[in-house]
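If you want the building blocks of each chain, they are given just below.
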Amino acid sequence: MSDEVKWETTISDVNDGILVNLEKPSPAYWVALAAAFSLVVLGIVFWARQVTIGMGVTYLNSPVYWGVYITDFVFWVGIGHAGTLISAILFLFRAKWRNTINRSAEAMTIFAVISAGLFPLIHVGRLWLAPYWMAPLPNTNNLWVNFRSPLIWDIFAISTYLTVSLLFWYMGLVPDLASIRDRTRGIKRLVYGFMSFGWRGTAKQWWHYEAGYGFLAALATPLVLSVHSVVSWDFAMSLQPGWHTTIFPPYFVAGAILSGCAMVYNLVVPIRWMFKLEKFILAEHLESCIKLTLLTSTIVFYAYGIEFFVAWYSGNPYEWALFEKRATGPYAFYFWVMTFCNCLFPLLFWSKRVRNSIPISWVICVLVNVGMWFERYNIIVSSLVEDFLPSSWGHYEPSPTDIFITWGSFGWFFFWFLIFCKFFPIVSLSEIKLIMPKPWSPKKLKGAAKHGAH
Amino acid sequence: MARTKKSDQGIIAIFRYLDVVCDAIERVRERPDFEGHEVFTPTSYHEIEHACGFGSSPVRFFTIIGALTGTVGGFSLCLLMDWDWPLVVGGKTAGLPSLPAYVVIGFECTILLGAIATILGMLVLGRIPNPKRRVLDPRTTDDRFGIFVPNVGLDSPQAALLKECGADELKVT
């Protein structure tokens, strides 16, 4: 598919084309940065209010102690997954189109996981005590942490994921930072030279680099599949109806990749426009991203169906009652938003016209992200409100604090992403050169054409 | 003084085309008078790797050692804490480790240390960071290939051979 892409540019245009534009982005960039920053400020204000007044401002109370914050946590971890999928799994599959968007996808992963990491800290209230409770340290009774607890698994999974994603991303950046170093002077050159570890681009360095990159991709592949599985065990290992199902790991992973692919599209389209990257990120590459979104959307659709089927087929009345209530009860609104946004709207992507229309696809991708947020909310809240004890049943709605901190996390995510776009090559320079026509000599090209004619 | 350390003094030949530089590498790589030469490439073309005659990179030993250390470390972490102070749940016998639960920790540590060791391997084997070496030609991180030969001048037979191989430009570094 992408092998037949017609490039109008050659490898000689890459560094000039991409790096020059980074130096002077369109005014829209500054508007977006300011908007993102104001959302961060909004989030900080409401978080400060929560720390001052107490957790009561969040409406979290028995039986729902996991509300919007854990929804946000799962949502952001999920967003991160497409980055690793695109950079590691598609690398192993040799999907060439990934080379144009993998850098943005990896950056998205890093900032999404950092955003996710904020939420357990916000959620514990007195976050200055959190490292003590979460790290494997003996407590006052000299007990160690319980390694049978999925929450401890989660700490290990998320911190490993963040570290490995950072390494993978930075490793990819090293040769590109060297390219920037070689075009700049003075203090800038010094800074980029330092950040690129003095990369010289010798054939030996590339040889070890390629091998290392392959191994990192091979390590990151099981990691990306495991991280959201571990996140899903935070729920599935409990006995709560609606959570206690074996389908959760694959279902969460598919959902994570769906929301992540949609988010990659949502990010790459404006960035491509702001930094004039149309000659490098071609329409075909964007379409491939949409195809991946469609694929994962159908998997998610199937998982929703199977989840309902199993709830009914299990013969477990509690499980079935909960599922029936999800679709018709007080949280039906969330359920139907989730179904329409994740399952039905993406079906429009079967049409090539829709896939190739960037504005329509962009809007559908936004809807998918809305739907995926609602999915997590639906899973977490509608299961918690009604457990085995009808006397403790309750109701939960998000408070303004939750909502504004959630918006703040979006601001935080976009803010860092935009900062990254300004200072680092948002398209991987060395990798996009690999998928462009190779710089063969005219003699060889002539020979190949002659050979082809025979 | 015999030069045992790598030096940046010498000549660099700049090439524009991938096939031309590959032919040149194949011609010079075994010659004793090109001892210590270095090839520069803007990205990791496999043609160059083949022309240089590289096999499998030893980075793989770093990866496997790191990963196995992680596996052992992850399981040990859980098991030692379990033996130090068993958390007895549901009356189960203390001292019997719940290995399935520890697989997660073992797995995560495997990936973590494997990845860190891979990066270290790449840095150590690629000899970076090395503040003593400098960039010989900024174009080699853009769109040109280069072959560097240490300790020779522009009037040397090595320079003549590189020119014959189709170098676009030769210069003293």
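Please read these numbers as outputs of a predicted model, since none were measured by experiment.

**Quick notes on the overall build of chain A**
- Scanning chain A from terminus to terminus reveals 17 helices and zero strands.
- A compact globule built from 454 residues would reach a C-alpha radius of gyration of about 22 Å, and chain A, at 24 Å, matches this within 12%.
- A burial count over chain A gives 47% of its 454 residues as buried.
- Restricting to contacts in chain A with at least 6 residues of sequence separation, those with at least 24 account for 83%.

**Some remarks on helix α1 (residues 18-28) of chain B**
- Regarding α1(B), the residues found buried are B:L18, B:V20, B:V21, B:C22, B:A24 and B:I25.
- Looking at the buried residues of α1(B), the elements they touch are β1 (10-15), β2 (38-40), α2 (46-52), β3 (145-150) and α5 (157-164) of chain B.

**Here's the deal with the interface of chain B and chain A**
- With 57 residues of chain B at the interface, the matching set in chain A holds 52 residues.
- Take the side of chain B that touches chain A: its biggest share by element is 17 residues, from helix α4 (residues 99-125) of chain B.
- Taken together, the residues that form the side of chain B that touches chain A break down as 34 nonpolar, 13 polar and 10 charged.

**Topic: the packing of helix α4 (residues 98-123) of chain A against helix α6 (residues 150-181) of chain A**
All names here are of chain A.
- In the contact formed by α4 and α6, the axes pass within 10 Å of each other and the chain directions differ by 150°. Judged on the interaxial angle alone, α6 and α4 are roughly antiparallel. For the element pair α4 and α6, the recorded crossing hand is left-handed. Across the interface between the two elements, R103, E106, A107, T109, I110, V113 and G117 of α4 pack against I158, Y161, L162, S165, L166, F168, W169 and G172 of α6.
- Among the residues making up the contact of α4 with α6, the classes are represented as nine nonpolar, four polar and two charged.

**Things to note about the packing of helix α3 (residues 68-92) of chain A against helix α14 (residues 358-384) of chain A**
All names here are of chain A.
- Between α3 and α14, whose axes approach to 9 Å, the crossing angle comes to 135°. One finds that α3 runs oblique with respect to α14. Relative to α14, the crossing made by α3 is right-handed. Contacts between α3 and α14 involve I70, T71, V74, F75 and G78 from the former and M372, W373, R376, Y377 and I380 from the latter.
- Here the contact of α3 with α14 is built from residues that sort into seven nonpolar, two polar and one charged.

**A word on the nonpolar core**
- Counting 172 residues, the largest nonpolar core has A:M108 and A:V264 as the members making the most contacts within it.
- In this view, A:V264 contacts A:A82, A:I86, A:I101, A:S104, A:A105, A:M108 and A:C289; residues no more than four positions away in its chain are not counted.

**As for the confidence of the model for chain B**
- Averaged over chain B, the pLDDT score is 86; the fraction of residues at 70 or greater is 97%.
- Note on the complex model: pTM 0.90, ipTM 0.91.

**Describing the sheet that holds β2(B)**
Residue and element names in this part refer to chain B.
- Pairing is antiparallel across the open sheet formed by four strands, whose spatial order is β2-β3-β1-β4. The open sheet has two edge strands with one neighbour each: β2 and β4 (169-172). Put simply, the sheet's adjacent strands are angled 20° from each other on average, direction ignored.
- The strands that α1 touches are β1, β2 and β3; relative to β3, the one it contacts most, it runs at about 25°.

**As for helix α9 (residues 248-274) of chain A**
- The end-to-end C-alpha distance of α9(A) is 39 Å, a good match for the 39 Å that 27 residues give at a rise of 1.5 Å each.
- The first or second residue beyond α9(A) is A:K276, which carries a positive phi of 50°.

**Some details on the pairing of β3(B)**
Residues and elements named next belong to chain B.
- Counted residue by residue, β3 has five buried out of six residues, so it is predominantly covered.
- Where β1 lies against β3, six bridges are found, and the strand directions are antiparallel. Bridging from a neighbouring strand, I12 pairs with F148 of β3.
- Examined bridge by bridge, β2 and β3 share three bridges and lie antiparallel to one another. Residue pairing for β3: E38 is matched across the bridge by F148.

Procedures and definitions
- Residues numbered from 1 in each chain as written.
- Chains lettered and ligands numbered in written order.
- Predicted model: local features only at pLDDT ≥ 70, side-chain atom pairs only at ≥ 80, totals over all residues.
- Helix = DSSP H or I, 4+ residues; strand = E, 2+ residues; numbered from the N terminus.
- Rg over C-alpha atoms; globule rule 2.2 N^0.38 Å.
- Buried ≥ 20, exposed ≤ 12 C-beta atoms within 10 Å, placed from the backbone.
- Contact = placed C-beta atoms within 7 Å.
- Nonpolar A, V, L, I, M, F, W, Y, C, P; charged D, E, K, R; others polar.
- Axes fitted to C-alpha atoms, helices over the stretch in contact; angles between N-to-C directions.
- Parallel < 35°, antiparallel > 145°, perpendicular 65-115°, else oblique.
- Left-handed = near helix turned anticlockwise from the far one by under 90°.
- Core = buried A, V, L, I, M, F, W, Y, C linked by C-beta atoms within 7 Å.
- pLDDT = per-residue confidence, 0-100.
- Pairing = 2+ DSSP bridges.
- Expected span 1.5 Å × (residues − 1).

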